[in-house]
Amino acid sequence: MSPAETERHHRFLRSFTAHEPAIRAHVRRLVPARADADDVMQEISVVLWEKFDSFRDGADFKAWAFGVARFEVLAWLRDRGRDRLVLDEEVITKIAEETTADEPRLEQQREALEHCMKKVPGYQRELLMQAYQPESRIQEVAQGSGRTVAGFYQWLHRMRKLLLECIRRALTQEVAS
Amino acid sequence: MSTKLIEAYLDGTITAPEMQQLNALLLADPNARREFAEELNVDSALAAMAAGWTKDEAPVVRQTKWRTSSPRWIAAAASVALLLGGWWWQDSQSAFATVEKAAGVVEMADGSSLRAESHEIKAGSVALITAHGARIVIEAPAEFRFESAQRLHMKRGRLAADVPPAAKGFTVITPTGDAVDLGTRFGVDVPSSGAAEVHVFQGEVIAKASGANAKQSLRTGDAVTFDQGANTVRELRSSAFIQADEMSELTAGLAAGQRARAESALAKLKNDPALITLLDFESTDELPGVYRRVQGRWPGSHAPEFVNVGDHLKLDVGGDHDWPKLTLAAWVRLDRLGAPYQSLLHTDGWDSSNPGQAHWMVTHHATMRLALRANTLVPGSGEQYEADSLTPVLPEQGRWVHLASVYDSQARTVRFYLNGRFDKEVRFEVAHPARLGPAQIGNWNRDDRKLSGRVDELLLLGRAMSDDEIRALHAAGNPYR
């Protein structure tokens, strides 16, 4: 590889790794399951690199990547989401547009999670982290916590709700102070 | 209404009509879209946090696999890395590997970064994760260094690797040969003296002995020794390697103070008036025989390991008189073999003039057997011809297990125990007092009885231990939590 190409790889990698969590979160908001987001992310990383030539230096990498991501999600839905229950294309387009505009706030929310997790009792925090492990089996985690699968899902909803409330509160206070 | 729909969507239990409702609702209502996006946003933040999460307290939920993985972006970036040829990854990441968990290792701390420097660990085991996401457990005594995140030099020590697709091509370099992984689980043993071995638990590995021209592809269940410039096929040692899932239980055992409990239980046993022998293999005088001295159940402790046919350890105890009652117990870590018998204790004097001579072994069904010369079983008791335990005593994956047999010639019974739990009683019609004397562990001179694995804390006691005593013996010596 020529030095210029090497330099280009480095630039790509720096941008991609810096924005990967945001791109993944963006994808996650559009597909039914976390595993689907993993699937689509694989494709996106390849496409972003292939198209990196068309990315103008100094432009907003994240916004550009969000655009590519939305396109890839729609392609994935047509391809593999056909016999699944998924969001309509129109809904996806709306959510993608709105959340791209709203990304600074959504990013603050993601960052505030750490603060709010500290308020969750240790045992429950651990259970949450287990449930969210890559490849975790909800049935096993549910069993280990002494709940039925349905009961465990209910608990997860409640925890997410509490966390979201805490996050919103934390961000309002931040603005106020 | 919208809450229920979103919940069902997230659980994957939503029905087609409900999905229609949800789509209609989201299309029409900007507030519902915002609520929806925020809940999914928290969901992905939780997933990102869980991917980098390390469990640092004793497990609250038992049996939970302690699993940490690198942030997902490493895997994603690594897949791009493969696309680009991989070489530049090294200079973009300064650490080749990170210590996930150190169990009884004083030279390394959890979370420390490993680069190109050499490392030596004298005791314990350490779990590492490379920058490409390969998970590696190295057992002491070991000397090693990373050349890159994908190349590890092992001068000595024992390693088990679990290599995800992103780290395909991960290579272990030993003094006598290399192992290149093609996305799989495998083990490499580099003994202090002797040739290195490669064992493939799952997937495919390319093995190449130093100086050899030919590479060899090894598949699931294959194993080779790098023997003077060539690969020699050998039997898989399924339990020789500590794997990542065992590490968490060992760490928890140490944290719970099991080692001290085991030591105080041993001290008590040594004062038991009926004690015949208690081998903990910690004394510096080595017992005669052919075997490797490796790590026992505790960091830095010792145990004999039997690797090749003919490996054995000799002892001569309890030959001065007969034993109407006899308890035999040991901690073992054995491979599952096709071979007919693995010898736990075979007395030399086994012949018709010596009724009661004891042979204790694991059969090819992986059950435990206590044979006493000239004893006969109660007819119609369901036994074939020997007293065997009911439950297989060897796990599929390597683990320390506690085996015990309690013989009582007066009651004419033998009782078998696995990990402290009573398994089965077998009744004899004719029961001679047990006889010991010169004996071997790991083999039997007259006919090879190959044992493959480690033996730790072998107890011979001239009385019958009760169920409660056996349970306590296991509980005190258990390295796991």
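Note that the coordinates shown come from a computational prediction; the quantities given were computed from them, not determined experimentally. (Residues numbered from 1 in each chain as written. Chains lettered and ligands numbered in written order. Predicted model: local features only at pLDDT ≥ 70, side-chain atom pairs only at ≥ 80, totals over all residues.)

## Observations concerning the overall build of chain B
- Summing up its helical and strand segments, chain B has eight helices and 30 strands in all.
- The burial tally for chain B puts 48% of its 481 residues in the buried class. (Helix = DSSP H or I, 4+ residues; strand = E, 2+ residues; numbered from the N terminus. Buried ≥ 20, exposed ≤ 12 C-beta atoms within 10 Å, placed from the backbone.)

## Section: the confidence of the model for chain B
Residues and elements named next belong to chain B.
- Residues of chain B with pLDDT of at least 70 account for 90%, and the chain-wide mean is 86.
- In the predicted structure, residues 81-93 sits below a pLDDT of 50 and forms 14 contacts with residues beyond four places in sequence or in another chain.
- Here the prediction assigns the complex a pTM of 0.60, and the interface score ipTM is 0.93. (pLDDT = per-residue confidence, 0-100. Contact = placed C-beta atoms within 7 Å.)

## Thoughts on the packing of helix H1 (residues 3-28) of chain A against helix H3 (residues 30-51) of chain B
- Taken N-terminus to C-terminus, the directions of H1(A) and H3(B) make an angle of 135°; their axes are 9 Å apart at the nearest point. By the angle between their directions, the pair H1(A) and H3(B) is classed as oblique. For H1(A) against H3(B), the interelement crossing comes out right-handed. Here A:Pro21, A:Arg24, A:Ala25 and A:Arg28 of H1(A) come into contact with H3(B), specifically with B:Leu40, B:Asn41, B:Asp43, B:Ser44 and B:Ala48. (Axes fitted to C-alpha atoms, helices over the stretch in contact; angles between N-to-C directions. Parallel < 35°, antiparallel > 145°, perpendicular 65-115°, else oblique. Left-handed = near helix turned anticlockwise from the far one by under 90°.)

## Some remarks on the pairing of strand S13 (residues 223-227) of chain B
All names here are of chain B.
- Burial within S13 is extensive, with four of its five residues counted as buried.
- Examined bridge by bridge, strand S10 (residues 197-202) and S13 share three bridges and lie antiparallel to one another. Its bridge partner being in S13, Glu197 is matched across the sheet by Thr225.
- Here four bridges tie S13 to strand S14 (residues 230-233), and the two strands are oriented antiparallel to one another. The residue of S14 that forms the bridge with Val224 is Val233.
- Taken together, S13 and the strand that follows it, S14, pair antiparallel across an intervening segment of two residues, in which Gln228 is found at a positive phi of about 45°. (Pairing = 2+ DSSP bridges.)

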